[in-house]
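Residue-level structural notes
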Amino acid sequence: MTAKQLEQETGCKIMVRGKGSMRDKKKEDANRGKPNWEHLSDELHVLITVEDTENRAKLKLQRAVDEVQKLLVPQAEGEDELKKRQLMELAIINGTYRDTTAKP
């Protein structure tokens, strides 16, 4: 599940912030200390925001927190369904996918 998919499912905005949150290390180093980039000095964290009525916002926020916490627990080798699904989608995109469940 991508962050965007998680956002759609929960109705919350979900952002990975802090030191190490950017893919481009050089860009991260260049932006550290600049206005609007203060989070780069913080430890790595997830920021979840939601706008809705109070009761609905609480429910959406709790669901998002629960889902993010599930993703923070490492899966045992070979049991990570999310990773398997992502690798399969990547193979399909690259045209290298072979269906191992199909019988010849």
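Here's what I pulled together on the structure shown here. Quick caveat: nothing in here was measured; it's all calculated off a predicted structure. (Residues numbered from 1 in each chain as written. Predicted model: local features only at pLDDT ≥ 70, side-chain atom pairs only at ≥ 80, totals over all residues. Heavy atoms only, no water.)

Here we look at helix α3 (residues 54-72)
Helix length check: α3 (19 residues) gives 27 Å between terminal C-alpha atoms against 27 Å at 1.5 Å per residue, within 8%. Looking only at α3, the buried set comprises Ala57, Ala64, Glu67 and Val68. Within α3, the buried residues cover an arc of 100° as seen down the axis, which keeps them to one side. The exposed set on the far side of α3, more than 90 degrees from its buried face, consists of Asn55, Lys58, Leu59 and Lys70. (Helix = DSSP H or I, 4+ residues; strand = E, 2+ residues; numbered from the N terminus. Expected span 1.5 Å × (residues − 1). Buried < 20%, exposed > 50% of the residue type's maximum accessible area, 1.4 Å probe, protein only. Arc of directions from axis to C-beta.)

Section: helix α4 (residues 81-94)
Over its 14 residues, α4 runs 20 Å from end to end, which matches the ideal 20 Å to within 8%, given 1.5 Å per residue. Gly95 sits one or two positions beyond α4 and adopts a positive phi of about 80°.

With respect to the side chain of Glu28
Within the secondary structure, Glu28 sits in helix α2 (residues 25-31). When neighbours within four sequence positions are excluded, Glu28 is seen to be in contact with Gly18, Lys19, Gly20, Ser21, Met22 and Leu40. (Contact = heavy atoms within 4.5 Å.)

Considerations on the layout of surface pockets
The calculated volume of the second largest pocket comes to roughly 190 Å³. In this structure, the second largest pocket is lined by Ala3, Lys4, Glu7, Lys13, Ile14, Met15, Val16, Arg17, Trp37 and His39. Contributions of two or more residues to the lining of the second largest pocket are made by α1 (3-10) and β1 (13-17). Per-element tally for the lining of the second largest pocket: the top contributor is β1, with five residues. When the residues that make up the lining of the second largest pocket are grouped by side-chain class, the tally is five nonpolar, one polar and four charged. (1 Å grid on protein atoms, 1.4 Å probe; cavity = no way out; pocket = protein on both sides within 12 Å on 5 of 7 lines; lining within 4 Å. Points joined across faces, edges and corners; volume = space filled by probe spheres on them. Nonpolar A, V, L, I, M, F, W, Y, C, P; charged D, E, K, R; others polar.)

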